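If you want the building blocks of each chain, they are given just below.
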Amino acid sequence: MTRRPGFLVYGLLTAFLIGSAAPLYWSFLLGSHTKEIAAQGVPPLLPGGHFWSNAERAIATIPFWKALGNSLLVSTVTACSVVFFCTLAGYAFAKLRFRGRGPLLVFVIATMAVPTQLGVVPLFILMSEFGWTGTLTSVIIPWLVTAFGVFFMRQYLVDAVPDELVEAARMDGCSQIRIFWHVAAPAARPAAAILWLFTFMQVWTDFFWPLIALPNSNPTIQVALNQLQSGFFKDYSLVLAGTTLATIPLLVLFVLAGRQLVSGIMQGAVKG
Amino acid sequence: MSNSTASRGGGTQTVPPTREGSPTASGPAGRAPRPEWRQRLTRLDVRLSPYLYISPFFLLFLVVGMFPLAYTAWVSVHEWSLIGGKGEFVGLDNFREVLGNPYFTKQLVNTISIFLLSSVPQIVIAVVLAALLDNQLRGRTFWRMSILLPFVVSPVAIAIIFGSLYGDRYGLINELLGHVGIDPIGWHTERFASHVAVATMVNWRWTGYNALILLAAMQAVPRELYESAAIDGAGRVRQFASITLPMIRPTMIFVVITSTIGGLQIFAEPRLFDETNARNGGSDRQFGTITMLIYDFGWQLRDLGRASATAWLLFVVICVFGIANFLLIRRVGALGGER
Amino acid sequence: MQTPKTRRFRLASSALLALTLATTAAACGGGDDDSSGSSADGVTTITVATFNEFGYEGLIDEWNESHDDIKVEQVKVGTWDDAKANLYTKLAAGSGLSDIEAIEGDAMPAILAEEGAFEDLTDEELDGRWLPWVEEKTLNADGQMIGYATDIGPEGICYRADLFKKAGLPTDREEVAGLMETWDDYFALGEEFVKKVPDTAWYDSSGGLAQAMLNQVENPFESDDNTVEVENAELEAVWADVTGNIDKGLSTTLPQWSDDWTASFQNDGFATMACPGWMLGVVEGNAEGVEGWDIANVFPGGGGNWGGSFLTVPSQGDNIEEAKEVAAWLTAPEQQVKAFAAKGTFPSQVEALESDEVTSATNAFFNDAPTGEILAERAQAVTVQPYKGPKYSDILQAFQAAVLRVDDGSQDAAESWDQFLTDVEALG
């Protein structure tokens, strides 16, 4: 589609942008006013001048920086691991022939359908058997490879890597891992970038398991933010200043990763 | 579950005609002869590599996934108190009890209703959005990243924001409706309205994400296809229907199946939306879902037996929907593919 | 392939990695991931898990300054809901709990029923430390003391003097107290009030009122031998009162603790509410900036206690003796007096109730009311202690949901009562 998009496209996108950004702006608004104003529900349209004082209170109430660091570490490690292992497995399912491929893939998908709420108890038992409870390991290990990621990469690579390219590489005597590295991995980059970002966000927003698995002195950011709600009443301005502050590193990350993501997607377009 | 057809339907066998038929023979036939050991090594490489590549998933599953599954299966056929532990073996009694519980039926209906209200618009909008983004936009990065904004908002903030948006009495939406003369809507009390409210939260959070996934697939569609279609005089809508949609089918299948699974397991949003003490999804469980019932059995009533039985029943429901979805999309896809 | 882009990609990813490493290095500086115990240098760390507000921050600092061998660390979770999920999961898993776990009052009976999960904290030296009816709540069937009581919630009536004035009612707290001796008086006054001020309800929520009233019923849900008996006259009377008031406009009909309920503090949503000691902090926080709140030294139908928490020591912990010591210290009268001064959690200890710091306390937000004196008198007025069996909290939730169904109009009272009966039966 080479034609430049018109007014309508930008209009629709802008509408969508406003919808996406409004709640974020709203939490910033509430976080920037005093608690009396925040408690009244719908705030004035313009930010007040109390964001930093509220944010400072939030930082003083919870182990903010430590939690932020923990979340960054856990999310980054998990995201990198998921991308690597899932691309590998997705590629195998998409492009390599082996006995049991179909049933195994169905099995992978089926594991996603198992409700996870109950898994918490046995998982905790397991983690304490291994001696991992209370450490960041316990929130990283379970998500090192996800069925979601395997399935996603498989579906993407099925069409994104032409069979003849794989075949040609093999004719040339390339080993399997070289084919993966030089043919599949570059083609997988757009999807890998997306998977990276999603896994990162998924782990970042996860609440229940980190709450259970980690000691409160060493929490992830969501668990720490939840502590802001303790006390006799919900101090909206405090809670929302804290949550807004915690999204700033993510926005920075988005800007950094965003360019990569887009160029990655564009490269995908060159292939075919 | 029927087996290997599932994986093939994804695309390898039914690839669009741009691809040449995949070579059937594998192995280095017709090449110059190589030393025996190398050949054997290559064969070993070809045979073992796939298993090696998929092994991390299965290893991890063995270590951390298998035990919880076996545990819940074991628990579901016992009387089992969350704190007190295992009681006597009761066979399928827990399953029978859950199936006979009026809340199970009600919350199953709620789950499906919320699932339909969220997944269908979500996927439709995501496809449109992805198509819009699959353009030569000015400030591409900006637009693409912007659709992920809902994703960075913390669940704590989401609960507060949507709480004040959908407040039955002092909420923003009802206030706005009041200005145009519409009676306030009981977002937390009327069953359908509450489903709409919860679905909005879900859609707000996940549409952009699905759009980005679809966008990646759209970008991988070779541009020559569009050019030649344009030469043939196909309009943009027609190009989209006859080239884009069929070409992104594997990703489409992925999106549909994962949102089915995710939609039927919906928990976070209705729970965040709930303001009653019991947190079962409204005073009369107007928007209580199956996963919330699992939580209720397990953590409120401390009856792990019934909770596990419910979890397995939900698993069956998800599989039924998943397979139905898959079959459906395969048919639709096949029709779309005829050019 | 596409080298410049690849390089940029590498650059960005290494920048990301560096950022992560830097922050985590800073974050891991503390290096205290041992949640459960003693470190090499002979110092034992005791973790205390609390929720909502216990007022313990200053106390823990005080302990840590004066003790070298045992260090106390507070583990805070936002709400009892999350704390409960954590507690039950780890009880089920058999490990991972804090050395001391705080338990919400109404959940205590269920905890007492779990044999062997919690330590017996009985200690002769502590005889007579707590009010007798408080102590009773901590004893299991074998007479072992499973928890040390922290605070209690003796109930008074909080009211908006400014709105009372608007309705032509007396505003002085003693006069107001005289008008609410019985529930009938209280409701009659309410009807008078809503006639004059129709946009404002009389009390904050039907569920809150129901809970307050239940605290005066001897056997609300269960008989003394733990048989569930919800079809009793007293419970039916509470039900009739609470649901009957809805049509008269006395209730806001909002679920207690919901966003709408919170907002109603700022919107003149209601004029009175049942106020256990800890509720003062809730009102003050939610109604910040609203003037006119006061508290009357009265509770319709006699005294009542709502809530109050307990510290327990799970048997799965490694440092049980030290944990007992810390729990006993935290719940000693001197300490609870300080917690009261810091956050207003009203003490359950006899000596603390008699101390000057408590009895002379006043609260500026509530028109300088002598809250210490009022609440101490309210605690004295508690005569009936409802019997709460192991299912109390589960049935209470079903009951409140039933009240809410009538509140929000999704069912009429008869329908909702029937469903409540089915719900209770389904508890098994």
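Residue positions are given per chain, counting from 1 as you read along its sequence in written order. Chain letters and ligand numbers both follow the written order, the letters beginning at A and the numbers at 1. pLDDT decides what is reported in this predicted model: residues at 70 or higher carry local features, side-chain atom pairs at 80 or more are listed and counted, and totals for whole chains, interfaces and linings draw on all residues regardless. Side-chain metrics in this entry use all non-hydrogen atoms of the structure; hydrogen atoms and water are not considered.

Draft legend 1. Structural detail: the sheet that holds strand E7 (residues 270-276) of chain C. Residue and element names in this part refer to chain C. Pairing between strands requires that DSSP locate at least two bridges from one strand to the other. Helix and strand definitions follow DSSP, with helices as H or I runs of at least four residues and strands as E runs of at least two, each counted in order from the N terminus. One open sheet accounts for four strands, arranged E6-E7-E5-E8; its pairing is mixed. Both edges of this open sheet fall to strand E6 (201-203) and strand E8 (293-296), since each of them pairs with a single strand only. Sheet twist, expressed as the mean angle between neighbouring strand axes with direction ignored, is 20°. Sheet topology note: the strand E5 (residues 155-160)/E7 ladder contains five bridges and is antiparallel. From the neighbouring strand, Cys158 faces E7, where its bridge partner is Met273. Helix axes use the C-alpha atoms of the stretch in contact, all axes being lines fitted to C-alpha atoms, and the angles between their N-to-C directions lie in the range 0 to 180 degrees.

Draft legend 2. The arrangement of the pairing of E8 of chain C in detail. Residues and elements named next belong to chain C. Burial status follows relative accessibility: with a 1.4 Å probe on protein chains alone, a residue under 20% of its type maximum counts as buried, one over 50% as exposed, and anything between as partly exposed. The side-chain alternation of E8 yields two buried faces, one formed by Trp293 and Ile295 and the other by Asp294 and Ala296. In this sheet, E8 lies alongside E5 in antiparallel orientation, the contact comprising four bridges. In the strand pairing of E8, Tyr159 is matched with Asp294.

Draft legend 3. Main features of the UniProt feature "domain: ABC transmembrane type-1" (unreviewed entry) in chain B. As annotated by UniProt and renumbered to match this structure, "domain: ABC transmembrane type-1" (unreviewed entry) occupies residues 108-325 of chain B. Summarising residues 108-325 of chain B: 74% helix, 0% strand, and an end-to-end C-alpha distance of 18 Å. UniProt positions are given in the numbering used here, feature names are shortened, and annotations may be inferred rather than shown by experiment.

Draft legend 4. Fine view of the pairing of E7 of chain C. Residues and elements named next belong to chain C. Most of E7 is tucked away: seven of the seven residues are buried. Across two bridges, E6 lies against E7 in parallel orientation. Looking at E7, one finds that Tyr203 is bridged to Thr272.

Draft legend 5. How the structure looks around the layout of surface pockets. All names here are of chain C. Taken as a whole, the second largest pocket encloses approximately 720 Å³ of empty space. Looking at side-chain class alone, the lining of the second largest pocket contains 11 nonpolar, 11 polar and nine charged residues. The residue makeup of the lining of the second largest pocket includes at least three contributed by each of domain 1 (44-152 + 308-359) and domain 2 (155-304 + 384-426). The rule is simple: put a 1 Å grid over the protein atoms alone, call a set of points where a 1.4 Å probe fits but cannot get out a cavity, call an open set with protein on both sides within 12 Å along at least five of seven lines a pocket, and count a residue as lining if it has an atom within 4 Å of a point. Grid points are joined across faces, edges and corners, and a volume is the space filled by probe spheres set on the points. Throughout this entry, Asp, Glu, Lys and Arg are counted as charged residues, while Ala, Val, Leu, Ile, Met, Phe, Trp, Tyr, Cys and Pro are counted as nonpolar. The remaining residues, Gly among them, count as polar. As used throughout, domain bounds are those supplied by an automatic or database domain assignment.

Draft legend 6. View of the nonpolar core. The criterion is simple. A nonpolar core is a set of buried Ala, Val, Leu, Ile, Met, Phe, Trp, Tyr and Cys residues joined through side-chain atoms within 4.5 Å. Among the nonpolar cores identified, the biggest contains 338 residues, and Trp202, Val283, Trp293, Phe399 and Phe420 of chain C are the most heavily contacted of them. Per-element accounting of this core gives the leading share, 17 residues, to helix H10 (residues 176-205) of chain A. Each of domain 1 (44-152 + 308-359) and domain 2 (155-304 + 384-426) of chain C gives at least three residues to this core.

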